[in-house]
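As a plain string of letters, each chain reads:
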Amino acid sequence: MTGTADVGVDKDSDESSAAVPPAPGGGTEGRPEPGPTPEVSLIKDRTIKTPAPTRAPEQPERTAPPEAAAPKAVVPGPTAPEPPAPEPTTQEPTPLEPPDHQEPLDDAPHLDVDEPLLAARAHRPSDLIRFLAGVFGIVAVFVLAGIATSTTTGIEQDIATNAPHFSAVLSTITGLVSSVAVLAVPLAFAVERLIKRDGLRVADGVLASVLAYGVSLGIDWWVAEGASEHIRDALTRLPLDSNGTLTDPVHGYLAPVIAYMTAVGMSSRPRWRVALWVVVVFSGVTELLGGYTTPLSLMLTVLIGWSVAYGTLYAIGSPNIRPTGQHLMIGLRKVGFTPDGAHRAPDAPGGTRRYYVTQQGGPPLDVHIIDREQQASGFFYRAWRRLRLRSVAVRRSPQSLRQALEQEALIAYAAAASGAHAPQLVATSELGPDAAILVYENVEGRTLDELADDEVTDPVMASIWQSVAALHERRIAHRRLTGESLLVVDERSGCLVNLSGGDIAATDLTLRIDVAQLLTTFALRIGPERAVATANAVLGAERVAQALPLLQPVGMSRSTRVDLAKLSKERKATARAKALEQVAAGERTQQQAEEDIAVAGEDLLSRIRGQILQIAPEAPMEPAKLERLKPKTLIMVIALTFAAYLALTTIKPAQLKLSQMNWAWAAAALLAAAFSYVAAAMSLTGFVPERLPFRRTVAAQLAGSFVKLVAPAAIGGIALNTRYLQKAGIRSGQAVASVGASQLAGLAGHLLLLFSFGLITGSQTNGDLSASRAVIIGVLTAAVLALVVAAVAPLRRFVLGRLRSLFFGVVPRMLDLMQTPSKLVTGFGGILLLTLSFTACLDFSVQAFGGDISFSAVAVVFLTANAAGSAIPTPGGIGPVEVALIGALTVADVSPAVATPAVFLYRALTFWLPVLPGWIAYNVLQRRNVL
């Protein structure tokens, strides 16, 4: 629950806010109801409710305090007495403009504002963006220093050659003046800020400067001790008058000064900013000409100071200078309104702050405040959407506050001219240098999100569709037709709000996206049948059919995509639980239950498409191409880059010891690794009663070697095989059951082979226990894991739930396979051959480096160590698998000099080498719509 502040602006007062601590357990805020001369205060009734996002709040009962100058705060509770409110703490005003330019407040009577207390500090997304940009710049400087050695050396030589042309006396004087000024100017600014009682900013600057100094020392130490020679040469140099001591890579005093001046906010004070940057530039140039620094060192110093400052500001928060309700009241009076009180309403989409304002003798107003902080929020999401989608599928993002104001005003005026039912924009104004206001007439109602399903009537939907049609006739796109943007005024009419993200002169594709979005919004509430029928009654079958190719999640708003996923998940979970109960009670067969789950799993957009095809069978079915860059393409690029990096850093010729390798045994290991994909295809097809093309199944298993780069091996393989079976025409439930049966049989085969080879290894040792240590370790590890899972109740429930979900339908699927024994032979034979092929590959790799160990012992090592290493969910088991295999071979009396290169050869053949063929197979199968 958020506290509220009762803030008044009296005549000749320069105080902008007075904070009152929030009452513990307080109720939610109320809504004032328009009246002739309504009052707005902070005295709250116990039944006050949070106002709706887009409607006028209702006026709760107010109790006038005995003395107007000392209002009381009510502590909600059934029997709580009403204690006197503490004396308001007068805070320093948060100016709308910099203090150097602040104007006196207008004369005004006492105005009450009911709003939650604004946080003293705000974590601004813009600070995070600048911090990340600075870090990227620092990395770029180090990369440039490491690879562009000729360029950096040439620049330094040019500077050293031309430096003597400058007057030595002038250079000395400039250096002395800049050295003094670079410290004197920040000190003078700090004194000026303290005089004006803005010590909080000075403290932020001091903290940033201290952190910048610490970062500078750390980078200096790293460059001197751990960096490459190229980086050290690019960032340091040996002065002519030195005694062999290199210069510092980062200037120990410039970086803190830059961090200080950035953190205290000199960007809004031009005179101070220009003065300090001048002395910083003079100081840097003097150091450069004197041979005490390099160009890259200066760049690094500036970037460190800049990055540390914004990182500090984002971490601790910046002083909140966003305009408050009192600033709003003053701004409204300046543009001719007579506000009497204001009530903070829930934010509009995009973080736009809203206030419900009552007037003295005038109609109530709905006022929107847009500021720079709001523009910076959601930057990364918008950047990703703009990168991923084509420009027609992404809303335009204004670059400046003025552009945002003009865009929203233009949309509002155009919507009013089109005849659509939307709030009338009556005024716009700037509210200081970093904010602006848009004043709308207030329209009372409730949003679609606030209505019950039975209150969403056909007349209301028809009214909204008519407004959308009016917009589209003038080529205006709303682009945000979600539940929070649809205001229901009464039982028969609705109103469009939140038009700030719309487009003028929109393309046909953009208008069709609007129709698809609104169809989905209504279908989420009242089902696809009524949603399509109402749209058809207003727009006609042709226009509704044109939206069918746009019914895809990527084109919907974020909230709609979340609602679609949630609805689909709930329907599947409900259908699965009901199916399990009915199958257990004998009411339905397994096949009927799977059909019910498949029907329930049909997503809402598919059901909407089905309804559209009923009214327009000739509607185009091909989905529109909205994506510029698909996530799978980005994942493949990242995976290949990751693979290349790991291959270069993990596999080294010195570790492989290629000069000592027996190439005949290495070729045998390669053949064994290649045969594993045939065995994997057998193990999958053997548990699928339907016929699968064998060559295509082998290619799918090869594609799985690429998927392992970005997902743990077991998870990636299960997902890929399930997808492959679904694309082959097998229903989702049966596909999952077949993959589950294969995994269950593989687990049983794994344990059986481990036990069998363990017995063989033990019998071959003739009492020597050293060769069977791997068996003992494997058994003990399995036992300990089983005991842990059985003893910890939450872990036990988690594992059982996952197994129940994974192996649902496995038993009926196995019964179907019993009718075709050849399938079972193929499946279990594939599992056996898969294990033997991997074991043979590891055995041949050991033999290639002169190792001497029995095949059964290698099998025990592989079965134990590979399972233990894969238990750690790293992509492809990179790291844990290698460590486990080398350790197990060492325990089995294989020398580390042989075990290490043997394991690296084995991993190169079974993991790294198939990556490129797997990527090719993955792309070919996707192009053929098989994956």
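Bear in mind the structure is a predicted one, so any value in this text is a computation, not a measurement.

**Student:** Which parts of the structure should I look at to understand the overall build of the protein chain?
**Tutor:** On a plain count of helices and strands, the protein chain comes out with 33 helices and 16 strands. Classification of the 931 residues of the protein chain by burial places 47% in the buried group. Across the protein chain, every contact between residues at least 6 apart in sequence was considered, and the portion connecting residues at least 24 apart equals 77%. Split by element, the accessible area of the protein chain, about 44,600 Å² in all, is 62% carbon and sulfur.

**Student:** For this particular structure, what's the right way to read the packing of helix α31 (residues 880–891) against helix α32 (residues 896–912)?
**Tutor:** A packed helix pair is summarised by two numbers, namely the angle formed by the two axes and the spacing between the axes. Where α31 meets α32, the axes come as close as 9 Å, and the angle between the chain directions of the two elements is 140°. By the criterion of interaxial angle, the relationship of α31 to α32 is oblique. When the axes of α31 and α32 are compared, the crossing they make is right-handed. Across from Val881, Glu882, Leu885, Ile886, Leu889 and Thr890 in α31, the residues of α32 making contact are Pro896, Ala899, Thr900, Val903, Phe904, Tyr906 and Arg907.

**Student:** In this structure, what is going on with the sheet that holds strand β12 (residues 446–447)? I would like to understand it.
**Tutor:** What links the strands of a sheet is backbone hydrogen bonding, and the strands pair in either a parallel or an antiparallel sense. Spatially, the three strands line up as an open sheet ordered β12-β14-β15, and their pairing is antiparallel. The two strands at the open ends of the sheet, each matched to only one other strand, are β12 and β15 (494–496). Set on the sheet, helix α13 (residues 458–473) makes contact with β14 (486–488) and β15; between it and β15 the angle comes to about 35°.

**Student:** Looking at this structure, how should I read the nonpolar core?
**Tutor:** One broad trend across soluble globular proteins is that nonpolar side chains are buried collectively. Of all hydrophobic cores here, the largest spans 52 residues; its most connected members are Phe522 and Ile612. Looking at this core, the elements that each hand over two or more residues are α12 (401–418), α13, β14, α14 (508–526), α15 (528–539), α16 (541–546) and α19 (604–615). Apart from the residues lying within four places of it in its own chain, the contact partners of Ile612 are Leu519, Val532, Val544, Ala545, Leu548, Leu551 and Ala619. Ranked by size, the runner-up nonpolar core spans 39 residues in total, among them Ala848, Val858, Ala859 and Tyr906.

**Student:** Which parts of the structure should I look at to understand the side chain of Arg354?
**Tutor:** One can find Arg354 in strand β8 (residues 352–359). A polar side-chain atom of Arg354 sits 3.5 Å from a polar atom in the side chain of His368.

**Student:** Sorry, what's going on with the pairing of strand β11 (residues 435–441) here?
**Tutor:** If a strand is regular, its side chains alternate between the two faces of the sheet. Taken across its seven residues, β11 has six buried, putting it largely inside the fold. Bridge analysis of strand β10 (residues 425–430) against β11 gives five bridges, and the strand direction is antiparallel. Note on β11: the bridge partner recorded for Glu430 is Ala436. Connecting β10 to the next strand, β11, in antiparallel fashion are four residues, including Gly432 with a positive phi near 85°.

**Student:** Please explain the packing of aromatic side chains as it appears in this structure.
**Tutor:** The geometry of an aromatic ring pair is captured by two quantities: the separation of the ring centres and the angle between the planes. Here the structure, examined in full by the defined rule, presents nine aromatic pairs. Pairing Phe911 with Trp912 gives two aromatic rings, centres 4.8 Å apart and planes at 90°, and the pair type is edge-to-face. By the burial criterion, Phe911 is buried, and Trp912 matches it. Following the ring pairs from residue to residue traces out a cluster consisting of Phe838, Phe862 and Tyr906. Of note, Arg907 hangs over the ring of Phe911, and the distance from its end group to the ring centre comes to 4.8 Å.

**Student:** Please clarify how the environment of Gly717 should be interpreted in this entry.
**Tutor:** As for its position among the elements, Gly717 is in helix α24 (residues 713–727). Taking relative accessible area as the criterion, Gly717 reaches 23% and is therefore assigned partly exposed.

**Student:** Before we go on, may I ask you to explain a positive patch on the surface in this structure?
**Tutor:** A cluster of like positive charges, contributed by Arg386, Arg390, Lys625, Arg628 and Lys630, occupies part of the molecular surface. Tracing the chain through its elements places Arg628 in the loop between α19 and α20 (631–650). By relative accessible area, which is 47% here, Arg628 ends up partly exposed.

Conventions used here
- The residue numbering used here restarts from 1 in each chain and proceeds along that chain's sequence as written.
- Since the coordinates come from a predicted model, pLDDT governs what is reported: local features require at least 70, and pairs of side-chain atoms require 80 or more to be given and counted, while whole-chain, interface and lining totals use all residues.
- Hydrogens and waters are ignored; side-chain quantities use all the structure's heavy atoms.
- In this description a helix means any DSSP run of H or I spanning at least four residues, a strand means any run of E spanning at least two, and both kinds are numbered starting from the N terminus.
- When a residue's accessible area, from a 1.4 Å probe over protein chains only, is under 20% of the maximum for its type it is buried; when over 50% it is exposed; and in between it is partly exposed.
- Note on contacts: a residue pair is in contact if any heavy atoms of the two residues lie within 4.5 Å.
- Surface exposure here means Shrake-Rupley accessible area, sampled with a 1.4 Å probe, where a residue is shielded only by the protein chains that are shown.
- Only the stretch in contact is used when fitting a helix axis, every axis being a line fitted to C-alpha atoms; angles between N-to-C directions are given from 0 to 180 degrees.
- Each angle gets one of four labels, with under 35 degrees taken as roughly parallel, over 145 as roughly antiparallel, 65 to 115 as roughly perpendicular, and the rest as oblique.
- Handedness of a crossing is defined here by the sense of rotation of the near helix relative to the far one, left-handed for an anticlockwise turn of less than a right angle and right-handed for a clockwise turn.
- Here, strands pair whenever DSSP counts at least two bridges between them.
- In plain words, nonpolar cores are sets of buried Ala, Val, Leu, Ile, Met, Phe, Trp, Tyr and Cys residues tied together by side-chain atoms within 4.5 Å.
- Side-chain atoms alone can form a polar contact between residues adjacent in sequence; in general such a contact is a pair of N or O atoms within 3.5 Å, and within protein one must be able to donate a hydrogen while the other accepts it.
- Ring geometry is summarised as follows: Phe, Tyr and Trp rings, the Trp one being its six-membered ring, pair when their centres sit within 6.5 Å, and such pairs are stacked at plane angles under 30 degrees, edge-to-face over 60 and tilted between the two.
- Over a ring means this: the NZ of a Lys or the CZ of an Arg is within 6 Å of the ring centre and within 35 degrees of the ring normal.
- Residues with no salt bridge and a relative accessible area higher than 30% make up the patches, which join like charges within 9 Å and nonpolar side chains (Val, Leu, Ile, Met, Phe, Trp, Tyr) within 5 Å.
- Within this document, salt bridges are pairs made up of a side-chain nitrogen of Lys or Arg and a carboxyl oxygen of Asp or Glu, the two lying within 4 Å of each other.
- Note that His is not counted, nor are the chain ends; the positive residues are Lys and Arg, and the negative ones are Asp and Glu.
- Lysine's charge is taken at NZ, arginine's at CZ, aspartate's at CG and glutamate's at CD.

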